[in-house]
Amino acid sequence: MASQEILREEPSRGSFINDPKVRGIFFQAVVVIVLVASVWWIVQNTIDNLTRLNIASGFGFLRGRAGFDISDSAIAYSSDSTYSRAILVGFINTLIVAGAGIVTATLIGFILGIGRLSRNWLIRKICMVYVEVFRNIPPLLVIFFWYSGVLAVLPAPRDSYNLPFGSFLNQRGFYFPRAVWGDGSWLIFVALLLGIAMAWFVARKARQRQMATGQQFPVFWTSAALIVGLPLLAYALSGFPLSFDFPQQSTFNLVGGFQVKPEFLSLYLALSFYTAAFIAEIVRAGIMGVSKGQTEAAGALGLRPGSILRLVVVPQAMRIVIPPLTSQYLNLTKNSSLAIAIGYPDLTATTGTVLNQTGQAIECVLIMMVVYLVLSLLTSAVMNVVNARMALVER
C-alpha cells in the first residue's frame with residue numbers, strides 16, 4: 001500500500017529554470033534590457049559629443065540660407081533659398097530619376113525576359129548576353145560607362161546630332177522642344193484626366209463582360225482613342241493654346257527648348273539598363289513557372305502564339321513576377337543615391353552639401369534615412385496592393 005501511495009504522488013517539477021515559459025520570458029527581458037541600455041548609451045554619448053563640440057542639435061538650421069546653387073532643379077531654386085528647399089530639390093530629382101527608371105527598366109526587362117524564351121536562336125542569345133553582362137557589373141561602373149564612355153564623347157554643341165522633331169543630342173545633353181502653355185490650357189489636362197478615367201471604366205466593364213460571356217472588346221484602341229482624342233478635342237475647342245519653343249543652334253551652344261543634362265541621362269540610362277537585366281530573369285522565371293499545359297490548351301482552342309502569351313501566359317506569370325519585382329524597384333530607388341559620383345543633385349548629394357555647410361550630421365543623415373525608408377515602404381505598399389489584385393481567388 002505504501003508503494004502505491006508513493007506512486008500516486010505528483011512528480012516534482014524541479015527548478016523554475018527548467019520551465020521553458022519562464023526561460024523564454026527571462027531571455028526576452030535580458031534582450032530588451034540590453035537594447036534599451038545600448039540605445040541610451042548611444043544617445044547619451046551623442047549628446048555629450050555635441051556638447052563638447054558646441055554643436056546645437058535640432059532642425060532649425062533648415063530655415064537658414066543655403067548659399068549654393070544646384071545645377072538641375074525641377075522647381076524654382078537659387079542660392080538664396082533655404083536648406084529645406086535645397087533638400088526638397090534633391091528629393092524631387094530622386095523621385096524623377098527613380099520613377100523614369102522603374103518604367104523604362106520594366107519595359108526593357110519584359111522584352112528581354114520574353115526574348116530569352118524566343119524560338120529564334122539569335123534573339124535568344126542576344127538577350128542572354130545582355131543579361132549576363134549587366135548582371136555581373138557593379139551599377140557604379142555602368143553609370144561611369146554612360147557618363148564618360150558614351151555621353152562625354154558625343155560631339156560639341158555646334159556639331160550636334162540632329163534628331164527627329166527638332167531635337168538635338170551632344171555632349172551637353174539632349175535638347176527637345178519645350179511646350180509653352182497659353183490661356184485655356186487647363187482644359188487639355190482636364191480632358192486627359194477624363195480620358196484616363198473613362199479608359200479605366202471601359203477596361204473594367206470589358207473585363208466583366210468577357211468573364212460573363214467570353215466576348216472580347218477592343219480595349220486598347222478604345223482607351224487610346226479616349227486618352228488621345230479627348231485632349232486633342234479640348235486643344236481645338238480652347239483655341240489651340242499650346243505652342244512649342246524649339247531649340248536653335250548658335251555659335252557655341254543651343255538656345256531655347258528644354259535641356260536634359262548628361263548627369264541625369266547617364267544615371268537614368270544606367271539604372272534602367274542595369275535593373276532591366278534582373279527584371280528579365282524574373283520575367284523569364286515567371287513565364288517558365290506557368291504550366292506547359294496552359295499553353296497547349298490555349299493552342300488547342302485556336303489561339304495564336306501572341307494571344308496565348310498576352311491572354312494566358314503573362315497574366316498567370318505575373319503572380320510569380322510581382323513579389324521579386326518589388327525588390328528590384330526598391331533596389332533601383334536606393335541605387336539612385338550613386339548619382340553623387342557624377343554630380344547629379346539627388347537627395348544624397350544635396351543633403352550631403354547641407355551637412356558639410358551646417359555640420360548637422362545627425363539631422364541630415366536622419367532626414368535621408370527617413371526619406372528612403374518612406375519611399376521604400378510606399379513602393380512596397382503599392383506593389384502589395386497590385387499583388388493582392390493579381391492573386392488567385394479561391395471559390
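Residues numbered from 1 in each chain as written. Predicted model: local features only at pLDDT ≥ 70, side-chain atom pairs only at ≥ 80, totals over all residues. Heavy atoms only, no water.

What is the right way to look at the overall build of the chain in this model?
Looking only at helices and strands, one finds twelve helices and eight strands in the chain. Against the 2.2 N^0.38 benchmark of 21 Å for 395 residues, the chain shows a C-alpha radius of gyration of 29 Å, more extended than a compact globule. Once the C-alpha set of the chain is aligned to its principal axes, its extents read approximately 110 × 75 × 45 Å. The buried share of the chain, taken over its 395 residues, is 32%. (Helix = DSSP H or I, 4+ residues; strand = E, 2+ residues; numbered from the N terminus. Rg over C-alpha atoms; globule rule 2.2 N^0.38 Å. Buried < 20%, exposed > 50% of the residue type's maximum accessible area, 1.4 Å probe, protein only.)

Explain the UniProt feature "transmembrane region" (unreviewed entry) in the chain to me, please; I cannot follow it from the model alone.
Taking the UniProt record as the reference, the feature "transmembrane region" (unreviewed entry) is found at residues 25-43, 87-112, 133-154, 184-203, 224-244, 264-283 and 365-386. Taken end to end, residues 133-154 has its terminal C-alpha atoms 24 Å apart, with 73% of it in helix and 0% in strand. When the span residues 224-244 is considered, its composition is 67% helix and 14% strand, and the gap between its end C-alpha atoms is 23 Å. (UniProt positions renumbered as here; feature names shortened; annotations may be inferred.)

Explain the pattern of salt bridges here, please?
It is possible for side chains bearing opposite charge to pair when their charged atoms get close. This model, assessed by the stated rule, comprises five salt bridges. A salt bridge links D80 to R65, with the nearest nitrogen and oxygen atoms 2.8 Å apart. Of this pair, D80 sits in the loop between α2 (20-52) and α3 (83-115) while R65 sits in the loop between α2 and α3, placing them 15 residues apart in sequence. Assessed through its relative accessible area of 54%, D80 is described here as exposed. For E281, the salt bridge is made with R284, and the minimal N-O distance between the two is 3.0 Å. Highlighted residues: E281 and R284, both in helix α8 (residues 262-288), separated by three residues, approximately one helical turn. Judged by its relative accessible area of 14%, E281 falls in the buried class. (Salt bridge = Lys/Arg side-chain N within 4 Å of Asp/Glu carboxyl O.)

What should I look at first to understand the packing of helix α9 (residues 292-300) against helix α10 (residues 305-335) in this one?
Helix-helix packing is characterised by the crossing angle of the two axes and by the distance between the axes. Running from N to C, α9 and α10 point in directions that differ by 155°, and their axes come no closer than 10 Å. In terms of orientation, α9 lies roughly antiparallel with respect to α10. Taken as a pair, α9 and α10 cross one another with a handedness that is right-handed. On the side of α9, the interface is formed by Q294, T295, A298 and G299, while α10 contributes I308, V312, V313 and Q316. Within the contact of α9 with α10, the residues separate by chemical class into four nonpolar, four polar and no charged. (Axes fitted to C-alpha atoms, helices over the stretch in contact; angles between N-to-C directions. Parallel < 35°, antiparallel > 145°, perpendicular 65-115°, else oblique. Left-handed = near helix turned anticlockwise from the far one by under 90°. Contact = heavy atoms within 4.5 Å. Nonpolar A, V, L, I, M, F, W, Y, C, P; charged D, E, K, R; others polar.)

Where do I start with the UniProt feature "domain: ABC transmembrane type-1" (unreviewed entry) in the chain in this structure?
Per the UniProt annotation, the sites labelled "domain: ABC transmembrane type-1" (unreviewed entry) are residues 91-383. Along residues 91-383 one finds 69% helix and 9% strand; the C-alpha atoms at either end are 21 Å apart.

Honestly, the nonpolar core in this entry has me stumped. Any pointers?
Generally speaking, soluble globular proteins have nonpolar side chains that are buried together. In this structure, Y130 and L267 are the most contacted members of the largest nonpolar core, which totals 46 residues. Elements that contribute at least two residues to this core include exactly α3, α4 (121-135), α5 (139-151), α8 and α10. Among the elements that make up this core, the one with the highest residue count is α8 (15 residues). Contact partners of L267, with chain neighbours within four places excluded, come to V97, I143, S336, A339, I342 and Y344. (Core = buried A, V, L, I, M, F, W, Y, C linked by side-chain atoms within 4.5 Å.)

Whenever I open this one, helix α11 (residues 347-358) confuses me. Can you help?
In an α-helix there are 3.6 residues to a turn, and that puts residues three or four apart on one side. The first and last C-alpha atoms of α11 sit 16 Å apart over twelve residues, in line with the 16 Å expected at 1.5 Å per residue. Listing the buried residues of α11 in full gives L347, T348, A349, T350, T351 and V354. Summarising the contacts, the buried residues of α11 are in contact with α3 and α12 (361-390). Of the residues trailing α11, G359 is marked for its positive phi of about 75°. (Expected span 1.5 Å × (residues − 1).)

So what exactly am I meant to see when it comes to the packing of α3 against α10 here?
Taken N-terminus to C-terminus, the directions of α3 and α10 make an angle of 140°; their axes are 11 Å apart at the nearest point. Relative to α10, α3 is oriented oblique. The hand of the α3/α10 crossing is right-handed. Residues V97, A98, G101, I102, A105, T106, F110 and I114 of α3 lie in contact with α10, whose contacting residues are L309, M318, V321, Y329, L332 and T333. Taken together, the residues of the contact of α3 with α10 sort by class into eleven nonpolar, three polar and no charged.

In this structure, what is going on with the environment of I87? I would like to understand it.
Mapped onto the secondary structure, I87 falls in helix α3. C-alpha of I87 to C-alpha of G352: the two residues are 265 residues apart in sequence and 9.3 Å apart in space.

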